[in-house]
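Descriptive structure summary
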Amino acid sequence: MHIAKMVLLSIMLLLFKVLIAQDSANLMMQLQKEVVRNETVYTTATFRSTRIINGHSVETLPAHVLDLRISHRFGLVSDGIYNFFGLDNATMRLGFDYGITNNVMVGVGHSTYQKTYDAFVKTRLLRQSTGKKNMPLSVTFVTSAAINSLRPAEFLAKPDSGVEIERSSYVLQLLITRKFSEKLSLQLMPTFIHADNVSFTHLHHNIVAFGIGGRHRISKRMSVNAEYYYQLPELKADGAHNVLSVGIDIGTGGHVFQLHFTNSIGLVERSFITETTGRWDHSDVLFGFNISRVFQLKKKH
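Below: a short report on this structure. What you see is a predicted model, and the numbers here were worked out from it, not measured in a lab.

Helix and strand content of the chain: 2 helices and 14 strands. For the chain, with 301 residues in total, the buried portion stands at 39%. Contacts in the chain between residues at least 24 apart in sequence constitute 60% of all its contacts with a sequence separation of at least 6. Here the chain has roughly 16,700 Å² of accessible surface; of this, 65% comes from carbon and sulfur atoms.

This is the structure in structure tokens:
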């Protein structure tokens, strides 16, 4: 009888401990849910870089971070071995981007293509989040300007003909993005462009285009990216075609390498959206890459 009482008492104590443990676990889960409800959890790493391929992604640089960007576009892959599949010919853009705050960044650059100088301001308006503040989308606004510095002799048959030259172009862009999962992000890019008349015959200087881009992560450090810009046919210049680009992002610590194929040689929005003359179905495909290296200029708080 004494042994039976001891066994019964042990069983009761064990059941008591199990009930207490379950109650504690339930209490912790409720507390965690309450914390989540009272906090805003923001989505991160929608894209690995501030660019998808040619165009901007929704991402902005953190405050006081400098991004040195070097972009190359080579010649046509279809040129064959004589031009080393386009690698004998290259244009490049050297750019410096800087995060003023976590939501505002600026950038300047120079392209060898058409000797173009450009600058932009990029502002995050909305950020995808869950919890206390539930926001299904991220939205960023980009405004940029470019100046073509070609000499008149390089684009006018008669440099002294008195033809009015408009060298400046301007771009307004809204980036609307959703990260659907840890692997998939999609972005819409309605775009307004006021184009110059130096390097291309634009029948309409005000052009509307709609872009779509995306990222699919295939490993911790690699993702497949793509972007496409569609111009309204009635506003598209003669000889211009829509730009399609596909590539791979490779992250290595402070560097991001972007390797891609595109039908555009241009490196600023006016060039690659409105002045692309190549066509994928005519094998007018170019290989290119972007290299991004970030520097923290001020100690993090």
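Still more to cover.
Further remarks concern the sheet that holds strand β11 (residues 222–231). The sheet built from 12 strands closes into a barrel, its strands ordered β2-β3-β4-β5-β7-β8-β9-β10-β11-β12-β13-β14 with antiparallel pairing. Averaged over all pairs of adjacent strands, the angle between their axes in this sheet comes to 20°, without regard to strand direction. Where strand β12 (residues 243–252) lies against strand β13 (residues 255–262), 8 bridges are found, and the strand directions are antiparallel. Considered in β13, the bridge of Val246 is made with Phe261.

Residues Ile52, Met189, Ile193, Tyr229, Phe272 and Ile273 are the most contacted members of the largest nonpolar core, which totals 16 residues. Elements represented by at least two residues in this core include exactly β8 (168–179), β9 (184–194), β10 (206–217) and α2 (269–274). Aside from chain neighbours lying at most four places away, what touches Ile52 is Phe47, Ser57, Gln187, Met189, Gly213, Gly214, Asn225, Ala226, Glu227, Asp249 and Gln258.

With that settled, the discussion passes to unusual backbone geometry. With glycine set apart, most residues show a phi of negative sign, and most peptide bonds adopt trans. Even without being glycine, Phe84 reaches a positive phi, approximately 50°. With respect to the helices and strands, Phe84 occurs in the loop between β2 (65–76) and β3 (90–99).

Attention now moves to the environment of Ser129. With respect to the helices and strands, the residue Ser129 is situated in strand β6 (residues 129–131). Taking the relative accessible area as the measure of exposure, Ser129 reaches 1% and is therefore buried. Excluding residues that lie within four positions of it along the chain, Ser129 makes contacts with Thr40, Val41, Tyr42, Thr43, Asn134 and Met135. Within the local environment of Ser129, its side chain forms a polar contact with the backbone oxygen of Lys133, the two atoms lying 2.7 Å apart.

Moving on, we come to the side chain of Asp118. Turning to its location among the elements, Asp118 is positioned in strand β5 (residues 116–126). A distance of 2.9 Å separates polar atoms of two side chains, one belonging to Asp118 and the other to Arg93. Every residue in contact with Asp118, bar those within four places of it in the chain, is listed here: Arg93, Gly107, Val108, Gly109, His110, Ser111, Ala145, Ala146 and Val268.

Take Gly211: it is sitting in strand β10. C-alpha separation for the pair Gly211 and Asn242, spaced 31 residues apart in sequence, amounts to 9.9 Å. Contact partners of Gly211, with chain neighbours within four places excluded, come to Gln187, Leu188, Met189, Tyr228 and Tyr229.

Between side chains of opposite charge, a pair can form as their charged atoms come close. Counted by the stated rule, this structure contains 7 salt bridges. Glu275 serves as the salt-bridge partner of Arg270, at 3.3 Å between the closest nitrogen and oxygen. For the pair formed by Arg270 and Glu275, the shared burial category is buried. One network of salt bridges, in which partners are shared, links Asp196, Arg270 and Glu275.

Attention now goes to the pairing of β9. By the bridge criterion, 8 bridges tie β8 to β9 in an arrangement that is antiparallel. Residue pairing in the sheet places Thr177 in a bridge with Gln187 of β9. Here β8 hands over to β9 after 4 residues, the two strands then running antiparallel side by side. When β9 meets β10, the two strands line up antiparallel, connected through 11 bridges. Bridge pairing links Leu186 to Gly214 in β10.

Definitions and limits used
Residues numbered from 1 in each chain as written. Predicted model: local features only at pLDDT ≥ 70, side-chain atom pairs only at ≥ 80, totals over all residues. Heavy atoms only, no water. Helix = DSSP H or I, 4+ residues; strand = E, 2+ residues; numbered from the N terminus. Buried < 20%, exposed > 50% of the residue type's maximum accessible area, 1.4 Å probe, protein only. Contact = heavy atoms within 4.5 Å. Areas by Shrake-Rupley, 256 points an atom, 1.4 Å probe, with all protein chains shown as cover. Pairing = 2+ DSSP bridges. Axes fitted to C-alpha atoms, helices over the stretch in contact; angles between N-to-C directions. Core = buried A, V, L, I, M, F, W, Y, C linked by side-chain atoms within 4.5 Å. Polar contact = N/O pair within 3.5 Å; in protein donor to acceptor, adjacent residues only side chain to side chain. Salt bridge = Lys/Arg side-chain N within 4 Å of Asp/Glu carboxyl O.

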